[in-house]
Amino acid sequence: MVRIALGLVLALLLPLLAAETALRVNYAGDPADGTYTRGRDAIWLGHAWVDGRKRDTDITALAHRLDGSGIRDLYVHAGPLEHDGTLPKSSYAQAGWLIAAVHRELPGIRVQAWLGDKLATEGPDGMRLERAATRAAVVRSTREILAAGFDGVHFDLEPLHSGDGNYLALLDSLHKVTAAAGVPLSVASHQIDPLPGFHSFWGTVAGHPKWWSQEFFGQVARRVDQIAVMSYDTMQPLPSTYGGYVAQQTSLALEVTPPTTDLLMGLPFFHENRFGHWAHAETVPAAVRGVRLGLSRTDHERANFGVALYVDFAATEDDWTGYREGWVNPR
């Protein structure tokens, strides 16, 4: 019995150790020259910016913070959407003030409406994209929020399972609206399978597929103007393995993202310790180095590329320093 138990433990541990070693190796080497900001970065901003809690002094502070950075897009939380796809105008009551202030104080910066909702993919509650009426309501909500003056719309619908054809149909409808308005359609994406078919394995084991296939990621990327990978909450235990994982994700995303679509890799501007995320491992310097390594190895001249910072209200000075020193002005 002892030998059997030991064999089972080794059968579980050895593949894990091999995978972590591979990620650590993937973190080695030096990024190529020129792998730094292209001026297409973004940051997710909390709901306080559109519900009346922020003032002109906050805009001034934001302008100072972003001065000399590579940030072009602000994803401002203007939802969440209701489960039926509607969006109360009261959710973004102060949007007009914000948009006017940003355009005045931060010329060239785009204010995108960040809209999200929980999907009913792993439980009874949430938005059901399989309902045509719900998808139609999301499209109407998008028209309404663009009429409020936003410079684009950024969707984050979770958990969204790989291969969801209803999501692709929604994106097709949304892109017609944003293209007609001359503004970008942007989405936040799940991570890509680190091994082929891994989302199916994890869905069977944990009931939460988490990852997308690389093929599905490409299908999404071809339907939008901008896609931001949520490359955090990775379960990685060390900065080196996390950075190696981000390097891999960057390469996988670059391989299937059209050169005309902006690809952004997420940076963890937050600090939590729980299953799936360890603050000591998922650091901004490790993520930035991983991004630069993946870009160097796969498409170091890609113009439509950047990083996205999640999230403003949890960020520390160290996070901002890591972004600036590692990506904006790397040594």
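Structural data are supplied above this passage.
Residues numbered from 1 in each chain as written. Predicted model: local features only at pLDDT ≥ 70, side-chain atom pairs only at ≥ 80, totals over all residues. Heavy atoms only, no water.

Caption draft 1: Highlighting the sheet that holds strand β3 (residues 110-118). Within the closed barrel, the eight strands sit side by side as β1-β2-β3-β4-β5-β6-β7-β10. Their pairing is parallel. Strand-to-strand, the axes of this sheet are offset by a mean angle of 25°, without reference to chain direction. With six bridges connecting them, strand β7 (residues 262-268) and strand β10 (residues 305-310) associate as parallel partners. Residue Pro268 lies in a different strand from β10, and its bridge partner there is Tyr310. Contacts from helix α4 (residues 132-147) reach β3 and β4 (152-158), with the element oriented near 145° to β4. (Pairing = 2+ DSSP bridges. Helix = DSSP H or I, 4+ residues; strand = E, 2+ residues; numbered from the N terminus. Axes fitted to C-alpha atoms, helices over the stretch in contact; angles between N-to-C directions. Contact = heavy atoms within 4.5 Å.)

Caption draft 2: Layout of the pattern of salt bridges. One pass over the full model with this rule turns up 13 salt bridges. For the salt bridge of Arg110 with Asp73, the shortest nitrogen-to-oxygen distance reads 2.7 Å. Placement of the pair is Arg110 in strand β3 and Asp73 in strand β2 (residues 71-77), with a sequence separation of 37 residues. Judged by its relative accessible area of 0%, Asp73 is buried. One salt bridge connects Asp233 with Arg274, and the closest N-O pair in it is separated by 2.9 Å. Residue Asp233 is located in the loop between β6 (226-229) and α8 (239-256), and its partner Arg274 is located in strand β8 (residues 273-274); the two are separated by 41 residues in the primary sequence. Beyond isolated ion pairs, a larger network of salt bridges with shared partners links Arg40, Arg72, Asp73, Arg110 and Asp262. (Salt bridge = Lys/Arg side-chain N within 4 Å of Asp/Glu carboxyl O. Buried < 20%, exposed > 50% of the residue type's maximum accessible area, 1.4 Å probe, protein only.)

Caption draft 3: Spotlight on helix α10 (residues 317-328). Those residues of α10 lying buried are Asp319, Trp320, Gly322, Tyr323, Gly326, Trp327 and Val328. With its buried residues spanning 160° around the axis, α10 presents them on a single face. Across α10 from its buried face, at more than 90 degrees, point the exposed residues Glu317 and Asp318. On its buried side, α10 packs onto β1 (41-45), α2 (56-66), β2, β7, α9 (284-298) and β10. (Arc of directions from axis to C-beta.)

Geometric descriptors of this kind do not, in isolation, establish any biological role.
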